[in-house]
Structures are given as C-alpha cells and as structure tokens.
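Listed below, chain by chain, are the residues.
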Protein chains: 2
Amino acid sequence: MREIRVIAVEGLPEIREGDDLAELIAAKLDLEDGDVVVFAQKAVSKAEGRVVRLEDLEPSERAREIAGDDLDPRRIEAILQEAKRVVRVRKPLVIAETRHGFICASAGVDSSNAPEPGMLVLLPLDPDASARRIAQAAHQRYGCRVAIIITDTFGRPWRQGLVDFALGVAGMPALLDLRGSSDLDGRTLKHTVAAQADALAAAAGLLMRKGDAIPAALVRGYGFARGSGSGTELLREKQFDLFR
Amino acid sequence: MREIRVIAVEGLPEIREGDDLAELIAAKLDLEDGDVVVFAQKAVSKAEGRVVRLEDLEPSERAREIAGDDLDPRRIEAILQEAKRVVRVRKPLVIAETRHGFICASAGVDSSNAPEPGMLVLLPLDPDASARRIAQAAHQRYGCRVAIIITDTFGRPWRQGLVDFALGVAGMPALLDLRGSSDLDGRTLKHTVAAQADALAAAAGLLMRKGDAIPAALVRGYGFARGSGSGTELLREKQFDLFR
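K.L.:
Summarise the domain arrangement of chain A; cite the residues concerned and give the values.
P.N.:
Domain boundaries in chain A define domain 1 (5-45 + 124-232) and domain 2 (51-121). For domain 1 of chain A and domain 2 of chain A, the distance between their C-alpha centres works out to 26 Å.

Below, the structure written as structure tokens:
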C-alpha cells in the first residue's frame, strides 16, 4: 500500500548564525530526489541571524501603551516592528499580522530556545527565499531535488490548539490543484485545491514539538509534482475570504 | 531516528450502509496497539446511512430564496437542515456552521461519491460517537487499542486551499497539552497546546484525496498517550477566540 514516512531529524547541533542547513541535514541522512525537508522556522531564523536583543530595543510610545505594567515593552516593540497590523490584544497575548501576511501570536516573535537569554527570535525576512536557498544548496552540493518547507506553529480561528503551517516553500507548489479531476463516478470535482504544503507542515509538526530539539523532519514518499512554489500562495486575500 | 508511517488503506470496497468499518480495515492490514486509523467522513456517513435523496427534500421558502435561479433549492434545503447558522453565501458557495459547530462549505453536505446519483451525503450525526463505536469494535474483535479519527476536508480563514480536519476522535485526546514542559534551556513553555488530532487528520489527508477511492489511512508510530478524547475539544468558543 502507498505509504509516506515522516522522519524526525534527530541529533542536530544547536543551530547558530551562518550554519548551512542543507549540510547539517545531509550529514544526518541521505537525501533522495522527491524528499520534502521541513524546517521549523526557528532553525532557519537562527541560521540567518534573525534575532534581536531585548536590550537593543527602544520601546515606542505605542509599545509602552500596549505593554502597560505587566508586559515587557521591549518585547512589544519587537512585535510592532515585525507587524503590519495588530489584530487583537488580550494580555499576555498580542495577535498580529506579520509583514508577510501571517496572522499569529506575537507576530512570530519568540523567546523560547533563543540563542541566549535576553534574545528574541524573529521570523525569517522572506521564508520563500530561505526555502529556495536551502533547496538550491541541496541540489548543487548533493545533486538531489528536494522540496523545502519552512514552518511555524500557529493558533487558528474557530479551533483550539496549535498546528504547524507552511511559511516558506520551494521546489513544489504549495497548492495542489485537483480541479478538473474526477470523483469515483466520473463527476468532475469542482472546488478542490489542496493546501499540500500546510498538510505536510502539520504532518512534520507531529515530530517537531517545541523544546524537543527536533528542528527538522523529512517526509519521504509523498510523491509530488516538482515545480516552483511559495508560501505566499497560501495567503488568501481578504476580498476572497468567505470565512473572515 | 523516530519515524511515523502514514499508510493508505487501499482496495477497500465501496462503502455501503451497515458496513462494519473496523472489520473492513482489519481485513486489509493488521492493526496494532497504538495505531491511529483515520477515516474520511464520507466513508463513515455512508456506513451509517447518513444520506438523503434530493427528491425527498421539500425546499423551504428560505432555501428557495438562497438558491435563486442558479442553485438546486433541494440541495440548499439539505444544507439548511444540517446548519445551525449560515455564515456567508457567495454562489455557488454556502458557508455554514453545522449543528456540531464546524464552519465549512455546504454544512458538510456533499454530492461527490454519493451512493447513487441524486443523493447527498451528510456529516455523521455525532462523529465522536461514530469514532468510539469503531474503536470499541476494533478492541472487542481484534484485541487492539487503536485511536480513531474521522475527518473532513475544509477551507480555512486567511489561507488558500483545503486541509483535512478532525471531526470525531476516540481513544486519544484531540489536544496534546505541553504546558509545563520545558524548552531546551529549561524555560517552561507557556502556551503550547497542540491540536494533535488535526495534525494527524492533515497527515492522513495527504493520502486520502477526494475521488481517490482511499477513504482511510493508518498512522503508525505516532506514540500518543491513550485516553478519552473528542473532536469537540477542538472547537473554540467564540468568546475565547482571539482570531475571529
């Protein structure tokens, strides 16, 4: 029977700025054509030096206002700098839309597993570009065509609990368009576009729990059509969003 | 390295009313303790006879109003009967909240892969009860403790493309509470509750495309804590929903 394997990439060293993620992964397992390598955002951000020190942040008026007496205004300042828009504040939570268009807690700014105490990790500046760089490195150096997905763990509207989502994608389309294909009785399926990169992110997330020291997972056997793709494909513009 | 296998349950016969899903699966593969068996909602609904004939539906005034000239008012009537609330109409799409609390297209009413032309398949009445029945049958008859997840494919706010979600859950908690556990530096993780049943649903969905004749998938090696659970755990009450 058809089978997909989701493999935790264990035993990676703590990621530091300048680390080559393709090389780190390739040292742990033999990459094959058609593999999907899924990285937690934090690994990519740390490798890219996307961190900031609390002590280097000068809180704005607005950051102080939101922080009040109970939150660190420097952390709020980092969130505001990453955000296009603050969606909701219910302390200690600040939900914001990032400059990329992701709506999530703290605009993706996070202190857990930061390189040092007093540091915050930010989302990659351009997760699609990050994914492309890793995919290209894997191809140039190891000769294999893999897809790369960079993920983060987000809350969702309507539903409890967090799930991993695709922020950046390379080497595969993020959306799998099944329109035009048929159901079992030969009727054409009308509205089926699968968010395959999000489903792969969620699957990899089953093995990449925060704090687990597993910043990457490999999905083997998925069998996707190669092609360019991006995490931004997954963002739905407001005017087309019937759920908003 | 730790590994999860997602296995498509291929070669199942077309599901009919009265079919025993535990038996159908067990005939195809040896179930093991700790397996998660994921069923597409349609298989469960068909086995439970949750179908309706268009010709048996008498459209209400409201159904006719929504349908106008371009939609079948009997189909809209079926949707209204399944719905607690219509969220949005943008033809041909009708987004509704089901009586269970799921917000999805057509309140889950679907004509594709129906048992016969002119029939609509409805969501199971109580997906958690359906999941429990299958889990109990697997235990009583084959002596193994498996978790059961019943899924459907939904659109999402903010994001393009469909992903599979957990509607009904048995044998495992739908939410995995990681609060109190530590990150790598020993700091306590504060807000991490993982929607593991949704992530498992999404993973299984990678193999259960509509029209693919694969109404079930097995997830092996996930390693969950056994326990009671339900799909309703995943529903976030409006007053606690910062994203809505």
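K.L.:
Could you give me a rundown of the nonpolar core, with the residues and numbers involved?
P.N.:
One finds Ala217(A) and Ala217(B) to be the most contacted residues of the largest nonpolar core, which totals 160 residues. If we skip the residues at most four places from it in the chain, Ala217(A) touches Val6(A), Ile7(A), Ala8(A), Val9(A), Val38(A), Ala204(A), Leu207(A) and Met208(A).

K.L.:
Tell me about the sheet that holds strand β4 (residues 83-90) of chain B, and please be specific about residues and values.
P.N.:
Residue and element names in this part refer to chain B. Across the sheet, three strands lie side by side as β4-β5-β6; this open sheet has antiparallel pairing. Edge strands, defined here as strands with exactly one partner in the open sheet, are β4 and β6 (103-105). Along the sheet, successive strands turn relative to each other by an average axial angle of 25 degrees, direction set aside. Relative to β6, strand β5 (residues 93-98) runs antiparallel, the two being bridged by three bridges. What sits directly across from Ala 96, in β6, is Cys 104. Its contacts with the sheet put helix α4 (residues 73-82) on β4 and β5, and the angle it makes with β5 is roughly 25 degrees.

K.L.:
Go over the interface of chain A and chain B with me, naming the residues and quoting the values.
P.N.:
Every contact between the two is made by 60 residues of chain A and, on the other side, 60 residues of chain B. Considering only residue class, the side of chain A that touches chain B consists of 32 nonpolar, ten polar and 18 charged. Pairing of strand β1 (residues 3-8) of chain A with strand β1 (residues 3-8) of chain B, which is carried by five bridges, proceeds in the antiparallel orientation. Its bridge partner lying in β1(B), Ile4(A) is registered against Val6(B).

K.L.:
Account for the pairing of strand β2 (residues 36-40) of chain A, naming residues and giving values.
P.N.:
Residues and elements named next belong to chain A. Burial within β2 is extensive, with five of its five residues counted as buried. Where β2 and strand β8 (residues 147-154) come together, five bridges link them in parallel fashion. Within the sheet, the bridge partner assigned to Val 38 lies in β8 and is Ile 149. Examined bridge by bridge, β2 and strand β12 (residues 216-220) share four bridges and lie antiparallel to one another.

K.L.:
Just give me the short version of the sheet that holds strand β6 (residues 103-105) of chain A, but keep the residues and values in it.
P.N.:
Residue and element names in this part refer to chain A. The strand order β4-β5-β6 describes an open sheet built from three strands, whose pairing is antiparallel. Since the sheet does not close on itself, it has two edges, and those belong to β4 (83-90) and β6, each with one partner. For this sheet, the mean inter-axis angle between neighbouring strands, taken without regard to orientation, is 25 degrees. As judged from the six bridges shared by β4 and strand β5 (residues 93-98), these two strands associate in the antiparallel manner.

K.L.:
Residues and numbers for the packing of helix α1 (residues 21-28) of chain B against helix α5 (residues 127-142) of chain B, please.
P.N.:
Residue and element names in this part refer to chain B. The N-to-C vectors of α1 and α5 enclose an angle of 55 degrees; their axes lie 8 Å apart at closest approach. Taken together, the axes of α1 and α5 lie oblique to each other. Like other packed secondary-structure pairs, α1 and α5 cross with a definite hand, here right-handed. Along its contact with α1, which presents Leu 21, Ala 22 and Ala 26, the element α5 presents Ile 134, Ala 137, Ala 138, Arg 141 and Tyr 142. Split into classes, the residues belonging to the contact of α1 with α5 amount to seven nonpolar, no polar and one charged.

K.L.:
Which residues make up the environment of Leu162(A), and what are the values?
P.N.:
Locating Leu162(A) in the fold gives a position in the loop between β8 and β9 (163-170). Among all residues touching Leu162(A), those that are not within four sequence positions of it are Thr153(A), Phe154(A), Gly155(A), Thr192(B), Val193(B), Ala194(B) and Ala195(B).

K.L.:
Describe the confidence of the model for chain A, naming the residues involved and giving the relevant values.
P.N.:
Low-confidence regions, as indicated by low pLDDT, have predicted coordinates that should not be scrutinised in detail. Looking at chain A as a whole, the pLDDT averages 92, with 94% of positions reaching at least 70. As scored by the predictor, the complex reaches a pTM of 0.95 and an ipTM of 0.95.

K.L.:
Describe the environment of Asp164(A), listing the residues and the values that go with them.
P.N.:
Residue and element names in this part refer to chain A. Among the secondary structure elements, Asp 164 is positioned in strand β9. For Asp 164, a count of 28 C-beta atoms within 10 Å translates into the label buried. C-alpha separation for the pair Asp 164 and Thr 98, spaced 66 residues apart in sequence, amounts to 16 Å. Apart from the residues lying within four places of it in its own chain, the contact partners of Asp 164 are Thr 151, Asp 152, Thr 153, Ala 201, Ala 202, Ala 204, Gly 205 and Met 208.

K.L.:
Run through the relation of the copies chain A and chain B, naming residues and quoting values.
P.N.:
One copy of the chain maps onto the second through a rotation about an axis and a displacement along it. Screw-axis analysis of chain A against chain B gives a translation of 0.0 Å along the axis, an RMSD of 0.0 Å, and a rotation angle of 180 degrees. With respect to symmetry, the two chain copies, as superposed, fit the operation of a two-fold axis. By residue overlap, the copies meet face to face through one surface: 100% of the interface positions of chain A are interface positions in chain B.

K.L.:
Mind laying out α5(B), listing which residues take part and the relevant values?
P.N.:
Residue and element names in this part refer to chain B. For α5, which comprises 16 residues, the first-to-last C-alpha distance of 22 Å matches the rise-based estimate of 22 Å (1.5 Å per residue) to within 8%. Along α5, the residues classified as buried are Pro 127, Asp 128, Ser 130, Ala 131, Arg 133, Ile 134, Ala 135 and Ala 138. Looking at the packing, one finds that the buried side of α5 touches α1, α2 (41-47), β8 (147-154) and β9 (163-170). A positive phi of about 70 degrees marks Gly 143, the residue just after α5.

Analysis parameters
- Residues numbered from 1 in each chain as written.
- Chains lettered and ligands numbered in written order.
- Predicted model: local features only at pLDDT ≥ 70, side-chain atom pairs only at ≥ 80, totals over all residues.
- Domains from an automatic or database assignment.
- Core = buried A, V, L, I, M, F, W, Y, C linked by C-beta atoms within 7 Å.
- Buried ≥ 20, exposed ≤ 12 C-beta atoms within 10 Å, placed from the backbone.
- Contact = placed C-beta atoms within 7 Å.
- Pairing = 2+ DSSP bridges.
- Helix = DSSP H or I, 4+ residues; strand = E, 2+ residues; numbered from the N terminus.
- Axes fitted to C-alpha atoms, helices over the stretch in contact; angles between N-to-C directions.
- Nonpolar A, V, L, I, M, F, W, Y, C, P; charged D, E, K, R; others polar.
- Parallel < 35°, antiparallel > 145°, perpendicular 65-115°, else oblique.
- Left-handed = near helix turned anticlockwise from the far one by under 90°.
- pLDDT = per-residue confidence, 0-100.
- Least-squares fit on C-alpha atoms with pLDDT ≥ 70 in both.
- Expected span 1.5 Å × (residues − 1).

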